[in-house]
Amino acid sequence: MFTSEKGAVEEWLSEFKTLPETSLSNYATNLKDKSSLVSSLYKVIQEPQSELLEPVCHQLFEFYRSGEEQLLRFTLQFLPELIWCYLAVSASRNVHSSGCIEALLLGVYNLEIVDKQGHSKVLSFTIPSLSKPSVYHEPSSIGSMALTESALSQHGLSKVVYSGPHPQREMLTAQNRFEVLTFLLLCYNAALTYMPSVSLQSLCQICSRICVCGYPRQHVRKYKGISSRIPVSSGFMVQMLTGIYFAFYNGEWDLAQKALDDIIYRAQLELYPEPLLVANAIKASLPHGAMKSSKEGARCIQVEITPTSSRISRNAVTSMSIRGHRWKRHEQPDNSNDTTELGILVIPEISVTNVAGERTGNGEKGRTLGDIDAQHIQGVQETATDPRTESKGLPEIRRQKSVRKMMEDGINSPGRVQF
C-alpha cells in the first residue's frame, strides 16, 4: 500500500470524528464521488495484517448505524469483499486476524434483523402470478395456462413467503456462518441499484473465487492465494446469482459470465438443485451477444414489453359463445332440397317404445320395427315444406312424433299420404 493511499485513509478516519451533526448529510453526498478513497479502502480490507483494518471496520460500522441512507450504502458496497476476506481467513484457520471483520459483519446483521423500535423484522415476499401482467409477460400470450391462473387468482391464492424473525448472533460459528452471510447478501441485493461498478466487479470476482478455490478449475482461472475449499450453502449461492444477474445488464458482462459458469460448476459438484435451476434459467435468458454497458443513467434490466392485447382469448369457451354456436347451428339452411323434391322418405330419428330407433340415410329404406309398425310406415312420404316458409325458401324445422303416437292419435299430418 502506497503512502499516499495510507494518508487518504487516515485523513478519512480523522475527518469523520470531527464532523458536526448538521453537516453529516453534505458529507455523505460528497463521499460517494471520492473514487480514490474507495480504492484505498479496498486495499486495506484485502490486507488482513494491515494496522488500518480495525479502525476502518469500526468507522464503516459507525456509518451503518448513523441512520444516514447514503452512509449506509457506502458501507454496503464493501460487503462482498468483506465476506470474501472473512471466508478466506476462516478457510486458512487464522481466525484471530479476522476479528474486526467478523465484528463488522455481525454488527450489520444485528442491525438489519430489527426495526427502529428494536422489534424483530419479518420480511415477506409475494411470488408473482402468471395471471397478472408484469414488465416481463402478458397473460394473454401464455394461452390456456392464463385461464387456469386467472381462475385461481380470483380466489386470492397468491403465495407469500416469509423470512424471519432471525435470532441475534454474538459470534459466527460453523453452524450459523452461512445463515448470517446469506442474510447479509440479501440486504446487499436489496440495494443493488445504488452500488457502483467497482462493487459489482468485486461481487463477480469473489463469487468465482469462492466457487473454484480448492478445485481443478482454480488453476484454469489462475487464482492465487488460498487453495483450500470454501464450503457454501445452497441459499448463499442463490443470493450470489441475484447480484450476478444484475451485473450482466449493468456493465459487467464478462465478469458476470465467468462468475455464472463457476457457480454452475460448483453447484454441479455439490448437487445443489436450487442454484442449478436459477443459474440455468439465467443462462437461457441471456442474449447471444454481449450487452453494451451504460455507465451513466438509471441501472435496470432491459426487457421487451409485448403490446397490450385483449385479456380474453379468442378461442376461449364462454356461455355466450356456446349460445351463439347453438343458434348458428339451428339457423343454417338445410341443403336437402333435392331429397324433398324427389319425395324420398327422410326420418332423422324414430323413437318407439321398447325399441331403439335407428337413423336412416338418404335413399335408405326404413328398417323393420315390427309387424304392425312396418305396415303403417310403408309408402309414407314427407314433403318437409310448409306454405308459410315456402316463400322464404327455408324448410320447416319441426320435431316429428313417434310412429306409435301418431297411430294412437289417429291424426294425419299435413303433407303425408295414408294408404
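Draft legend 1. Examining the overall build of the protein more closely. Each helix and strand in the protein was counted, giving 19 helices and two strands. Pairs at least 24 residues apart make up 70% of the contacts formed inside the protein by residues separated by at least 6 positions. Surface exposure of the protein reaches about 26600 Å², of which carbon and sulfur atoms provide 52%.

Draft legend 2. A look at the pattern of salt bridges. Inspection of every chain in the model, using the stated rule, returns eleven salt bridges. Residue Glu5 is joined to Lys43 by a salt bridge in which the shortest nitrogen-to-oxygen separation is 2.7 Å. Taken as a pair, Glu5 in helix H1 (residues 3–17) and Lys43 in helix H3 (residues 35–45) lie far apart in primary sequence, 38 residues in all. Judged by its relative accessible area of 13%, Glu5 falls in the buried class. By relative accessible area, Lys43 is classed as partly exposed at 31%. Lys34 is paired through a salt bridge with Glu15; the nearest N and O atoms lie 3.9 Å apart. With Lys34 in the loop between helix H2 (24–31) and H3 and Glu15 in helix H1, this pair connects stretches of sequence that are 19 residues apart. With a relative accessible area of 30%, Glu15 lands in the partly exposed category. One salt-bridge network, in which partners are shared between bridges, spans Arg217, Arg221 and Asp262.

Draft legend 3. Main features of helix H10 (residues 197–212). Counted at 1.5 Å a residue, the expected span for H10 with its 16 residues is 22 Å, and the 23 Å between its end C-alpha atoms agrees. Burial in H10 covers these residues: Ser199, Leu200, Ser202, Leu203, Cys204, Ile206, Cys207, Ser208, Ile210, Cys211 and Val212. Contacts from the buried residues of H10 go to H3, helix H6 (79–91), helix H9 (177–190), helix H11 (217–221), helix H12 (234–248) and helix H13 (253–270). Trailing H10 by a residue or two, Gly214 shows a phi angle of about 85°, which is positive.

Draft legend 4. Just the confidence of the model for the protein, in detail. The predicted model of the protein averages 74 in pLDDT, with 62% of residues at 70 or higher. When the criterion is pLDDT under 50, residues 336–348 qualifies, and its contacts beyond four places in sequence or with other chains add up to 15 contacts.

Draft legend 5. Focus on the packing of H13 against helix H14 (residues 273–285). Interhelical geometry of H13 versus H14 gives an angle of 150° and a closest axis separation of 9 Å. The angle between the axes of H13 and H14 places the two elements in the roughly antiparallel class. Note that H13 runs across H14; the crossing there is left-handed. Contact with H13, carried on its side by Leu260, Asp261, Ile264, Ala267 and Gln268, involves Pro275, Leu276, Ala279, Asn280, Ile282 and Lys283 of H14 and no other residues of that element. Taken together, the residues of the contact of H13 with H14 break down into seven nonpolar, two polar and two charged.

Draft legend 6. How the structure looks around the environment of Pro55. For Pro55, the position within the fold is in helix H4 (residues 53–64). Put simply, Pro55 and Cys100 are 45 residues apart on the chain and 8.7 Å apart in space, counted from C-alpha to C-alpha.

Draft legend 7. Just the state of the cysteines, in detail. With the rule as written, the count across this model stands at zero disulfides. The closest cysteine sulfur to the non-disulfide-bonded Cys85 is located on Cys57, 9.0 Å from its own sulfur. When its relative accessible area of 8% is taken as the criterion, Cys85 is described as buried.

Draft legend 8. Looking closely at a nonpolar patch on the surface. A cluster of nonpolar side chains, Val122, Val160 and Tyr162, forms an exposed patch at the surface whose accessible area comes to about 290 Å². Relative to the helices and strands, Tyr162 resides in strand S2 (residues 160–163).

Draft legend 9. Seen up close, the packing of aromatic side chains. Under the defined criterion, the tally for this structure stands at 13 aromatic pairs. Each ring, one from Trp12 and one from Phe74, has its centre 6.4 Å from the other, and the planes form 45°; the classification is tilted. You can see Trp12 sitting in helix H1 and its partner Phe74 sitting in helix H5 (residues 69–76), a full 62 residues away along the chain. When sorted by exposure, Trp12 lands in the same class as Phe74, which is buried. Between Phe63 and Phe74 the ring centres are 5.8 Å apart and the planes differ by 65°, which places this aromatic pair in the edge-to-face class. You can see Phe63 sitting in helix H4 and its partner Phe74 sitting in helix H5, a full eleven residues away along the chain. Grouping residues by exposure puts Phe63 and Phe74 together as buried. Among the aromatic residues, those joined into a ring-pair cluster are Trp12, Phe16, Tyr27, Tyr42, Phe63, Phe74 and Phe78. If you follow Arg209 out to its NZ or CZ, it ends over the ring of Tyr223, 5.5 Å from the centre. The aromatic ring of Tyr265 is capped on one face by Arg217, whose charged end is 4.3 Å from the ring centroid.

Definitions and limits used
Residues numbered from 1 in each chain as written. Predicted model: local features only at pLDDT ≥ 70, side-chain atom pairs only at ≥ 80, totals over all residues. Heavy atoms only, no water. Helix = DSSP H or I, 4+ residues; strand = E, 2+ residues; numbered from the N terminus. Contact = heavy atoms within 4.5 Å. Areas by Shrake-Rupley, 256 points an atom, 1.4 Å probe, with all protein chains shown as cover. Salt bridge = Lys/Arg side-chain N within 4 Å of Asp/Glu carboxyl O. Buried < 20%, exposed > 50% of the residue type's maximum accessible area, 1.4 Å probe, protein only. Expected span 1.5 Å × (residues − 1). pLDDT = per-residue confidence, 0-100. Axes fitted to C-alpha atoms, helices over the stretch in contact; angles between N-to-C directions. Parallel < 35°, antiparallel > 145°, perpendicular 65-115°, else oblique. Left-handed = near helix turned anticlockwise from the far one by under 90°. Nonpolar A, V, L, I, M, F, W, Y, C, P; charged D, E, K, R; others polar. Disulfide = S-S within 2.5 Å. Patch = residues over 30% accessible without salt bridge, like charges linked within 9 Å, V, L, I, M, F, W, Y side chains within 5 Å. Phe/Tyr/Trp six-rings, centres within 6.5 Å; stacked < 30°, edge-to-face > 60°. Lys NZ or Arg CZ within 6 Å of the ring centre and 35° of its normal.

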